[in-house]
Amino acid sequence: MKTLPGVDVVIVGGGWTGLLMAKELGTRTKHSVVVLERGGKRDNAYYATTMDELDYLVRNRMMQDCSQETVTFRHSLKDKALPLRQLGSFLPGIGVGGAGEHWGAGSPRHSPDCFDLYSKTVERYGEKKLPEDHCIQDWGITYDEMEPYYTRAEKMIGVAGKAGNIQGKRVEGGNIFEGWRS
């Protein structure tokens, strides 16, 4: 077996998360980084000549084959781990890019009111309108604090489309319900 040179950081999986982590660590620190990926890469011609929504989105051709390799689940710590044999909303992709290859290119932001749902609900209706055993709570961070991170992530992954609110100004044809964008 061949021994490879040592590195500071090893990332297992070349999907969106792994590749973005590698990019960040590689450009913002002096750490040496390697990404391990079990699947092969695909070139641009592959997508142009073989992309088929039925094949990928319905027949799951870009997904991990659960009959060959699977994850397990259990309902409690006492239960035996059972294999997952049918894909549902959990679709592990294969190859460089992982599930990012079939994600559908949607990357919505949470709306500002999601971050302080409890406070706004109590402010508007009063605490007594909530059931005693409710679990509504504020996130502990605001949309305004998250906005620069949304913007940075959207630039890194190439989110496109017409914004509806740029720095508090409504934009004709954009989503009138979205939070402001810088």
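Residues numbered from 1 in each chain as written. Predicted model: local features only at pLDDT ≥ 70, side-chain atom pairs only at ≥ 80, totals over all residues. Heavy atoms only, no water.

**Comments concerning the pairing of strand 2 (residues 33–36)**
Inspection of the sheet shows strand 1 (residues 9–12) paired to strand 2 by four bridges, in the parallel sense. The residue bridging V12 from the neighbouring strand is L36, located in strand 2. In terms of handedness, the path from strand 1 via helix 1 (residues 16–28) over to strand 2 forms a crossover that is right-handed. (Pairing = 2+ DSSP bridges. Helix = DSSP H or I, 4+ residues; strand = E, 2+ residues; numbered from the N terminus. Right-handed = clockwise from strand over helix to strand, strands pointing away.)

**Quick look at the layout of surface pockets**
Using a probe with the size of a water molecule, rolled over the atoms, empty space left in the structure can be pinpointed. Roughly 440 Å³ of internal volume is contained in the largest pocket. Here the residues of the lining of the largest pocket sort into seven nonpolar, nine polar and seven charged. Here the second largest pocket is characterised by a volume of approximately 190 Å³. Along its surface, the second largest pocket is lined by 15 residues, and G13, G14, G15, E37 and G98 are the ones closest to its centre. Taken together, the residues of the lining of the second largest pocket sort by class into four nonpolar, nine polar and two charged. (1 Å grid on protein atoms, 1.4 Å probe; cavity = no way out; pocket = protein on both sides within 12 Å on 5 of 7 lines; lining within 4 Å. Points joined across faces, edges and corners; volume = space filled by probe spheres on them. Nonpolar A, V, L, I, M, F, W, Y, C, P; charged D, E, K, R; others polar.)

**Points about the packing of aromatic side chains**
What the rule picks out here adds up to four aromatic pairs. Here Y143 and W180 contribute two aromatic rings whose centre-to-centre distance is 6.4 Å and whose plane-to-plane angle is 75 degrees, an arrangement assigned as edge-to-face. Taken together, the residues span a long stretch of sequence, with Y143 in helix 6 (residues 143–157) and W180 in the segment after strand 6 (169–170) at a distance of 37 residues. Three or more aromatic residues joined by ring pairs make a cluster, and in this case those are F115, W139, Y143, Y150 and W180. (Phe/Tyr/Trp six-rings, centres within 6.5 Å; stacked < 30°, edge-to-face > 60°.)

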